[in-house]
Amino acid sequence: MALEIKQTLRQTQQLVMTPQLQQAIRLLQYNHLEVVNELEHELRENPLLEVASFDEPFPDGDARPDLTSLEDAIKEPERPRNDIAEVDWDNYLESYGADYSPPQRDFSEHPQLENMASYQERLLDYLFRQLQLSDIEGYDRRIAVEIIGNIDESGYLDIELDELARTLDVPVEDVESILLRVQEFDPRGIAARNLQECLLLQARALDPRDPLVIEIIEEGFDLLEKEKYEALIKKLKITYEELKPALAIIGKFDPRPAKPFTSTDTVYVAPDIHIIKVGSDYQIMVNDEGLPRLKISSLYKKDVHTAGAAGLTKDYIQEKTRGALWLIKSIHQRQRTIYKVTESIVKFQREFFDKGIDYLKPLILKDVADDVEMHESTISRVTTNKYVQTPRGIFELKFFFNAGIRQGSDSIAAEAVRNQIFRIVKNENPKSPASDKEIVEALARYDIHIARRTVAKYREQLGISQSSKRRKRF
C-alpha cells in the first residue's frame, strides 16, 4: 500500500485552559490572605475595577453571603454579549456580599504595646557583639570570627578544628585556644563540639561549682546518657542520696544553648469560613473580611458611548471589562464552592461538632465530591491550605478527612485513635510508662484493634518518644 498525505476532518473533545479558567482555578486553591493579595494585584492591573466606597449603601437585603446569595451572584446576567455599551453598569455586581462594618476611623487610640512585634536578636549578632567587647584582637579575632561563623542553629560547632586550622592556615593549637575563649561567651554551652562538652561548659559555669556534677559528666557520661544509674553509683562510689540532687541540676542544663535565639514567631491564619452554633444547628458564614468590594468603574462608560472614541480604545475597555466581570464572578464561584464543601463536611462530621474529637468519622474526598456533585480534584483544591473556625477551634479543612479504622462493627477516624493514644500516654505512670504493646491492649478495651507497629507510627506522629525514654526514675 502506497503512502500518501491527505487531510481528514475529525471531531474531538478536549479541555482548553483559557486564561479565565486558569484564574478561576488559581483563586479556588488560594487561601483567604492569598485571595486578598490577588485582588489587590488585579486592582492595580485592571483600570475597570474599582473598590466600592464604604459610604455607599449595600444593596437591599445584602448580608454576609449564604448559599442562596452566592448562587444568585454567579448567575449570568441577561445582557447582549456583543455590545458592551448595553451592560447595566449601575446594577451588575456593583458589589458582592459582605457585612463587615466600616473601618475604624477614630485614630485616637494607639495599638497596645503588647500587640506590637518585638525585635529578636540573632545568635550570630549576639556573639559578634560579645566578641567586639572582648580583648580578643588582631590575629586571634580572625580565628574567633571563623569559629562563630561555623556555629549551627543549636549552638554547636559545626566544623572540625583541624579543618578550620587548614582553612585559616594557622596551627590547630591556636584554634583550640581561641575556641576556649569563645566558649566563655553567653549563652553557656555555646560552640561545644558535642553534648558532653556542652553540659560540661554549663556545669563549670555554676556558682558555686558542684564537683559531683562535673565528675558525673566527665567520668560517667555514657552511663548517664543510658540512664544506668545503678552502674553510675558503683563507678563513682557515691550514694543514691548524693546522685539525686546532682541529676536534678544536670536536668536543668540546656542541650541546645542557641534555642532562645531560634525564631518562634507566631504564625497567624485567617479562616476562610466560620461555623457558628445557633441553638442545636450550625450556621456557615463565608469570611469576606478584608476582601475589597469590587465594582465596575462608571468612569469608562462615557468613553464607550463617545462617538469619537477610537476603535482600539473600545476594544481595550471591552477586554478589561470582560476580565473584571470574570474576576468578580470567579470570586463568587470560589466562595460558593467553599460554602458547599464546608456544608457537606458539617453534615458528615456532625457528631464531631456536637461531641468532640473522639467522634470524628472516616471521610475521603470522594464522599464529599459525590455529595456536592463536584470532581475530587476540586474538593482537594478547596480543602488545601484553608482553615475553618468552629466552636471547637480552628482547623484546616484537610483535618476532617481521615482514613478509617475498625471499631467493632463501625469505623473510627485515625485522628480519633491518635487522640486516644495521646490520652493514654498523658495519664500513664511516669515511673512505669506504657509500652506500645500495652497501648494496643488499652485501645482494645475501647474496641479499637490495631497492630503494634501502627501504634508506634501514630506515637511518632504525635512526637511521643519510646517508653524507655519517657520513664522517670526520680
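Preceding this paragraph is the structure being described.
A brief look at the structure comes next. All figures in this text were calculated on a predicted structure; none of them were measured in a lab. (Residues numbered from 1 in each chain as written. Predicted model: local features only at pLDDT ≥ 70, side-chain atom pairs only at ≥ 80, totals over all residues. Heavy atoms only, no water.)

**A short note on the overall build of the chain**
Then, number 1: Helix and strand content of the chain: 21 helices and eight strands.
Then, number 2: The buried share of the chain, taken over its 474 residues, is 38%.
Then, number 3: Summing over all exposed atoms, the chain offers an accessible surface of approximately 29200 Å²; the carbon and sulfur share of this is 49%. (Helix = DSSP H or I, 4+ residues; strand = E, 2+ residues; numbered from the N terminus. Buried < 20%, exposed > 50% of the residue type's maximum accessible area, 1.4 Å probe, protein only. Areas by Shrake-Rupley, 256 points an atom, 1.4 Å probe, with all protein chains shown as cover.)

**A closer look at the pairing of strand 3 (residues 281-286)**
Then, number 1: The alternating pattern of strand 3 places Y282, I284 and V286 on a buried face, while none of D281, Q283 and M285, on the opposite face, is buried.
Then, number 2: In this sheet, strand 3 lies alongside strand 2 (residues 273-278) in antiparallel orientation, the contact comprising six bridges. Counterpart to V278 in the pairing with strand 3 is D281.
Then, number 3: As consecutive antiparallel partners, strand 2 and strand 3 are separated by two residues, and within that stretch G279 has a phi angle of approximately 65°, a positive value. (Pairing = 2+ DSSP bridges.)

**Looking at the nonpolar core**
Then, number 1: Formed by 28 residues in total, the largest nonpolar core has its most connected members in I345, F352, F353, V368, I379, V388 and F400.
Then, number 2: At the level of elements, strand 2, strand 3, helix 14 (311-348), helix 15 (350-355), helix 16 (365-372) and helix 17 (376-383) are the ones that each hand at least two residues to this core.
Then, number 3: If one sorts the elements of this core by residue count, helix 14 sits on top with five residues.
Then, number 4: Apart from the residues within four sequence positions on either side, F352 is in contact with I357, Y359, L360, R392, F395, F399 and F400.
Then, number 5: Grouped together as the second largest cluster of nonpolar side chains are 24 residues, L123, I143, I147 and F185 included. (Core = buried A, V, L, I, M, F, W, Y, C linked by side-chain atoms within 4.5 Å. Contact = heavy atoms within 4.5 Å.)

**A closer look at the environment of L124**
Then, number 1: By the secondary structure assignment, L124 is in helix 4 (residues 123-133).
Then, number 2: In this structure the C-alpha to C-alpha distance between L124 and V145, which are 21 residues apart in sequence, comes to 9.9 Å.
Then, number 3: Setting aside anything within four residues of it in sequence, one finds L124 in contact with I148 and G149.

**Digging into the side chain of R334**
Then, number 1: Structurally, R334 can be placed in helix 14.
Then, number 2: Within the structure, the side chain of R334 is placed 2.6 Å from the side chain of Q335, a separation counted as a polar contact.
Then, number 3: Residue contacts for R334: discarding those within four places in its chain leaves L27, L28, Y30, N31, H32, V35, D272 and K386. (Polar contact = N/O pair within 3.5 Å; in protein donor to acceptor, adjacent residues only side chain to side chain.)

**Overview of the sheet that holds strand 3**
Sheets are built from strands paired through backbone hydrogen bonds, the pairs being either parallel or antiparallel.
Then, number 1: Taken in spatial order, the four strands line up as 3-2-5-6 in an open sheet, and their pairing is mixed. Sheet topology places strand 3 and strand 6 (393-396) at the edges, where each strand pairs with a single neighbour. Averaged over all neighbouring strand pairs, the angle between strand axes comes to 25°, with direction disregarded.
Then, number 2: Contacts from helix 14 reach strand 2 and strand 3 within the one sheet, and its direction differs from that of strand 3 by about 160°. (Axes fitted to C-alpha atoms, helices over the stretch in contact; angles between N-to-C directions.)

**Examining the packing of helix 8 (residues 195-204) against helix 9 (residues 211-219)**
How two helices pack is summed up by the angle between their axes together with the distance between the axes.
Then, number 1: The contact between helix 8 and helix 9 brings their axes to 9 Å, and the two run at 165°. Classified by the interaxial angle, the pair formed by helix 8 and helix 9 is roughly antiparallel. In this structure, helix 8 meets helix 9 at a crossing whose hand is left-handed. Seen from helix 8, the contacting residues are Q196, L199, L200, A203 and R204; seen from helix 9, they are V213, I214, I217 and E218. (Parallel < 35°, antiparallel > 145°, perpendicular 65-115°, else oblique. Left-handed = near helix turned anticlockwise from the far one by under 90°.)

**Considering the packing of helix 11 (residues 229-236) against helix 12 (residues 240-251)**
Then, number 1: Close contact between helix 11 and helix 12 brings their axes to 10 Å; oriented N to C, the two are set at 110°. Taken as axis vectors, helix 11 and helix 12 run roughly perpendicular relative to one another. The handedness of the crossing between helix 11 and helix 12 is right-handed. Where helix 11 abuts helix 12, its residues Y229, L232 and I233 lie against Y240, L243 and L247.

**Quick notes on the side chain of Q183**
Then, number 1: With respect to the element layout, Q183 can be found in the loop between helix 7 (172-182) and helix 8.
Then, number 2: Within polar-contact distance, the side chain of Q183 engages the side chain of E197 at 3.2 Å.
Then, number 3: Here Q183 is in contact with R188, I190, A191, A192, E197 and L201, once residues within four sequence places are set aside.

**Some points on the pattern of salt bridges**
Then, number 1: All told, the structure shown has 16 salt bridges when counted by the stated rule.
Then, number 2: Of the charged contacts, one joins K347 and D371 as a salt bridge, the two residues approaching to 2.5 Å between their closest N and O atoms. One end of the pair, K347, is in helix 14; the other, D371, is in helix 16, and 24 residues separate them in sequence.
Then, number 3: Residue class for D371 comes out partly exposed when judged on its relative accessible area of 30%.
Then, number 4: Its salt-bridge partner being K361, residue E351 comes within 3.4 Å of it at the nearest N-O pair. With E351 in helix 15 and K361 in the loop between helix 15 and helix 16, this residue pair connects regions lying ten residues apart in the sequence. (Salt bridge = Lys/Arg side-chain N within 4 Å of Asp/Glu carboxyl O.)

**Examining helix 16**
Then, number 1: For helix 16, the set of buried residues is V368, A369 and V372. Projected down its long axis, helix 16 shows its buried positions confined to an angular sector of 100°, all on one face.
Then, number 2: For helix 16, the secondary structure elements touched by its buried residues are helix 14 and helix 17.
Then, number 3: Looking one or two residues beyond helix 16, the residue adopting positive phi is E373, at roughly 60°. (Arc of directions from axis to C-beta.)

**Overview of helix 11**
Then, number 1: By the burial criterion, the buried members of helix 11 are Y229, L232, I233 and L236. Taken around the axis of helix 11, the buried residues stretch over an arc of 100°, which confines them to a single face. Of the residues in helix 11, the exposed ones pointing more than 90 degrees away from the buried face are E230 and K234.
Then, number 2: Those residues of helix 11 hidden inside the fold are in contact with helix 9, helix 10 (221-225) and helix 12.
Then, number 3: A positive phi of about 60° marks K237, the residue just after helix 11.

**Some details on unusual backbone geometry**
Then, number 1: Geometrically, the link from D186 to P187 is a cis peptide bond, its omega value of 5° lying close to zero.
Then, number 2: Along the chain, the position of P187 falls in the loop between helix 7 and helix 8.
Then, number 3: You will see that A191, though not glycine, has its phi angle at about 65°, which is positive.
Then, number 4: Within the secondary structure, A191 is located in the loop between helix 7 and helix 8.

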